Amino acid sequence: MDNEAIATLIKTNFPDAIIGSGVFRNELTIIIKKEFITDIAKFLKEHQELDFNFLSDLCGVDRVEMDGVFEVVYHLYSIYKNHRLRLKVPIPSNEPHISTVTGVWKTANWHEREAYDMFGIKFNNHPDLRKILMPDDFEGHPLRKSYPIDGRQPVTLRGIYRKDVDEA
Amino acid sequence: MTAISNTTTTHLMTINMGPQHPSTHGVLRLLLELDGEMIVKAEPHIGFLHRGVEKLAEYKTYHQCIPLTDRLDYVAPFSNNLAYALTVEKLLGIEIPERAQHIRVILCELTRISSHLLWLATHALDLGAMTVFFYCFRERETIYDIFEMVSGARMNLSCIRVGGVSRDLPGGFLEKTRKFVAEFPSRLNEYETLLTNNIIWKKRTVGVGVISAEDAIDYGLSGPSLRGSGVNWDIRKAEPYSSYDKYHFAVPLGKNGDVYDRYYVRIEEMRQSNSIVHQALNVLPKGDFIARIPNITLPPKEDVETKMESLIHHFKLITDGIQPPKGEVYSSIEAPKGELGFYIVSDGSSHPYRLKIRPPSFVNLEALPKMVEGRLLPDVVAVIGSLDIVLGEIDR
């Protein structure tokens, strides 16, 4: 399916959910409201023509400086139909949480953990929402624009990793 | 998992495998819950090699990000360079000269071969076949010599530029690569005589770490790990980039989705890559090795020394960097490990506002628990090897 047909199909099925859409460099982007994410994800995967069976990527973007929101960006692909779609969901920065899509694509599990780790975005009903790349005691979320590039932690990494050893 | 209820022991043992373990291919830590020798639960812990590449990129110009990408999948640096450069080029909306595209294909496929050679060497070593290691490193050495001719570096090439490559192929490159390409198929046969029909190899790999095609897609597997399960998806065919549509090659597929099939897919892929290099050497067109676009690519050195405008362009580009239009793009390539994607959000300045890397190993590793739970401890080593992970790109 081409970009226009995909956009029309989603718009007719979820007229209330769409905030905006656009095509840049032949890539279709659709921005939706966060309440609809689970329904739309299910629809995109299960619809026979769309068949978005492959979640390529899921990530957060910090747009607090620009629009005052975090964004969760889903890159979807259909292996059998060979088309792509970018789904964007703005979520308020003071209360960043959104429903998980792990029930739709299992691969979302680690991607969502990473977005939680890097941006502090909470994914409701996620089966195992823990930090993934940073140490457990790490304070803050490093990919937020408010976290400085030369940010220092109150406890050094060595301190974190040696804590159990030192206490024993 | 049904076997667990039949055992007599009730005491589960938790052991740490890694982060310092030769078979975890880097700093991967696996928390394994064992019932005797059987895996009840496996939990990968990652992040030991986290360097914050995505954060660093936000403070660098578009060209300065290229060396960062080398250090992701450090056994296939050119693929990372290419994936990044293609994304920036897509953002800029520029065309690349044909010669540059073919040079990129040659280097990319050589990189695939060298990456697969390292995988084969270590995978076989993990499972107790030592000879293969020496054979593979012999050929890998030749490829690295070729890389050294092209870029001056053996591992972290960084010889790609937005718009093409940093310089033309050096004299002697074609002869040396032709010689390698002519020899390589017989070398591949050598590896295969050691493994493909070897009864010990088969006992360690056939039926181990099985994942169905449906699960593989659900877990987001890509590359040879997905094709081992019989899913015919190769980005070089599905969404051709860098003139891959001009080459004839097959996409090898497995049937059962076990360690053996993933092994066989990669072996065949090396044959196909070798054939692509062979074709590319024959059709390599004449022309520019980099697009000549002011404000995006550096002018030729001789112009900088003799022409005022070129000097100004050079100065502006070095100090200000490339300033792409506002927008966002995602583009991915078929890296040796699978779909390597870059997502760049540009705010119109000379630094990426956000750069997200979609590393294939990160996603492939996620399926590891699914493949090993209910199986024996030694199978973990076989499965990790068959996923071909590199922690550099998992942790970023």
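Anyway, here's the lowdown on the structure attached to this text.

What counts, and where the lines are drawn
- Residues numbered from 1 in each chain as written.
- Chains lettered and ligands numbered in written order.
- Predicted model: local features only at pLDDT ≥ 70, side-chain atom pairs only at ≥ 80, totals over all residues.
- Helix = DSSP H or I, 4+ residues; strand = E, 2+ residues; numbered from the N terminus.
- Rg over C-alpha atoms; globule rule 2.2 N^0.38 Å.
- Buried ≥ 20, exposed ≤ 12 C-beta atoms within 10 Å, placed from the backbone.
- Contact = placed C-beta atoms within 7 Å.
- Pairing = 2+ DSSP bridges.
- Axes fitted to C-alpha atoms, helices over the stretch in contact; angles between N-to-C directions.
- Arc of directions from axis to C-beta.

When helices and strands are counted, chain B shows 18 helices and 8 strands. Computed over C-alpha atoms, the radius of gyration of chain B comes to 22 Å, within 12% of the 21 Å expected from 2.2 N^0.38 for 396 residues, which places it in the range of a compact globule. Once the C-alpha set of chain B is aligned to its principal axes, its extents read approximately 85 × 45 × 35 Å.

Time to look at the overall build of chain A. When helices and strands are tallied, chain A shows 5 helices and 7 strands. In terms of its C-alpha atoms, chain A occupies a principal-axis envelope of roughly 60 × 30 × 25 Å. Expressed as a percentage of its 168 residues, the buried residues of chain A come to 38%. Sequence separation of at least 24 residues holds for 47% of the intrachain contacts in chain A that already meet a minimum separation of 6.

Before going further, it helps to spend a moment on the sheet that holds strand β3 (residues 38-45) of chain B. Whenever strands of a sheet pair, they do so through backbone hydrogen bonds, lying parallel or antiparallel. Residue and element names in this part refer to chain B. Ordered in space as β1-β2-β3, the 3 strands form an open sheet in which the pairing is antiparallel. Looking at strand neighbours, the two that pair on one side only are β1 (13-17) and β3, the edges of this open sheet. Sheet twist, expressed as the average angle between the axes of neighbouring strands with direction ignored, equals 20 degrees. Two elements, strand β2 (residues 29-35) and β3, share 7 bridges in a ladder whose sense is antiparallel. Residue Glu33 lies in a different strand from β3, and its bridge partner there is Lys41.

Further remarks concern the pairing of strand β8 (residues 354-358) of chain B. Residues and elements named next belong to chain B. Among the 5 residues in β8, 5 count as buried, and that is most of the element. Neither face of β8 is left uncovered, since the one carrying Arg354, Lys356 and Arg358 and the one carrying Leu355 and Ile357 both have all their residues buried. Alignment of strand β7 (residues 338-346) against β8, held across 5 bridges, turns out to be antiparallel. Paired with Ile344 across the strands is Leu355, a residue of β8.

Here the focus is the pairing of strand β6 (residues 327-335) of chain B. Residue and element names in this part refer to chain B. Counting buried positions over the 9 residues of β6 gives 8, a clear majority of the element. As paired elements, β6 and β7 share 9 bridges and run antiparallel to each other. For Val329, the partnering residue across the bridge sits in β7 and is Ile344. Counted between consecutive antiparallel strands, the loop separating β6 from β7 contains 2 residues.

Along an α-helix, a turn takes 3.6 residues, which lines up residues three or four apart on a common side. All names here are of chain A. Along helix α2 (residues 37-46), the residues that are buried comprise Ile37, Ile40, Ala41 and Leu44. Around the axis of α2, the buried residues are gathered within 100 degrees of arc, so they sit on the same side. Contacts made by the buried residues of α2 are with β2 (27-32), β4 (69-77), β5 (84-92) and β6 (97-99).

Coordinates in, geometry out; function isn't part of it.
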